[in-house]
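# Structural characterization, general
In case you want the letters, here they are:
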Amino acid sequence: RLIEVSSDDSIKTQRNVKLRVHCQDKIGMLASMTQAISGGGASIVAAKVSSSGDGKAFNSFEISVASVTQLEEITRALERIDGVLRVERHRRLVG
């Protein structure tokens with residue numbers, strides 16, 4: 001028995017990805033970061049923001065993306081923000 005199968009490239013599978021952003025603690029940073037994420041077409045699923053008290057802030061974002069390309073574009077957009085020191089993808093260790 002044969003079953004006909006076709007694929008539809010217009011259907012995108014969303015994946016949740018966690019990013020950590022280390023930056024200077026200054027007015028407007030959070031707004032700039034969320035604009036970079038939403039401007040890249042991603043949804044913010046969760047966010048955690050904290051300040052170290054010494055002029056630095058640490059931000060964790062869980063975002064929903066459709067592709068690695070989209071994730072890379074958002075990462076580059078975050079890195080271009082004045083005051084962002086480092087952007088890294090948070091991967092859970094298994095074991």
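Throughout what follows, the structure given in this document is the object of discussion. Source: prediction; values computed, not measured.

## Some thoughts on the pairing of strand β2 (residues 43–51)
With 8 bridges connecting them, β2 and strand β3 (residues 56–65) associate as antiparallel partners. For S50, the partnering residue across the bridge sits in β3 and is F58. The turn joining β2 and β3, which pair antiparallel and follow one another in sequence, is formed by 4 residues; a positive phi near 90 degrees is taken by G53.

## Regarding the pattern of salt bridges
This structure, assessed with the given rule, holds 2 salt bridges. K26 is the salt-bridge partner of D82, the closest N and O atoms lying 3.3 Å from each other. Linking D82 in the loop between α2 (68–79) and β4 (84–90) with K26 in the loop between β1 (15–24) and α1 (29–39), this pair joins segments that are 56 residues apart in sequence. Between R86 and E88 there is a salt bridge, with its nearest N and O atoms 3.2 Å apart.

## Concerning the sheet that holds β1
Taken in spatial order, the 4 strands make up an open sheet running β2-β3-β1-β4, and their pairing is antiparallel. Strands at the two margins of the open sheet, each flanked by one partner only, are β2 and β4. Each strand of the sheet is rotated relative to its neighbour by a mean of 20 degrees, with strand direction disregarded. In this structure, β1 lies alongside β3, joined through 10 bridges in antiparallel fashion.

## Focus on α1
Looking at α1, one finds that the buried residues are M29, M33, A36 and I37. One face of α1 carries all of its buried residues, which in axial projection span an arc of 95 degrees. Projecting away from the buried face of α1 at angles above 90 degrees are the exposed residues Q35 and G39. On its buried face, α1 sits against β1, β2, β3, α2 and β4.

Conventions and cut-offs
- The residue count restarts for each chain, going from 1 along the sequence in the order it is written.
- Totals for whole chains, interfaces and linings use all residues, but because this is a predicted model, local features are given only for residues with pLDDT of at least 70 and pairs of side-chain atoms are given and counted only at 80 or more.
- In computing side-chain values, all of the structure's heavy atoms are included and hydrogens and water are not.
- At least two bridges found by DSSP between two strands is the condition for calling them paired.
- Runs of E in the DSSP output that reach at least two residues are strands. Runs of H or I that reach at least four are helices, and both are numbered from the N terminus.
- We define a salt bridge as a side-chain nitrogen of Lys or Arg found within 4 Å of a carboxyl oxygen belonging to Asp or Glu.
- Between N-to-C directions, angles span 0 to 180 degrees; the directions come from axes that are lines fitted to C-alpha atoms, helices contributing only their stretch in contact.
- Only protein chains enter the accessibility calculation, which uses a 1.4 Å probe. A residue is then buried if its area is under 20% of the maximum for its type, exposed if over 50%, and partly exposed in between.
- Along the arc lie the directions from the helix axis toward the C-beta atoms.
- Whether two residues are in contact is decided by their heavy atoms, any of which lying within 4.5 Å being enough.

Keep in mind these values describe shape, not function.
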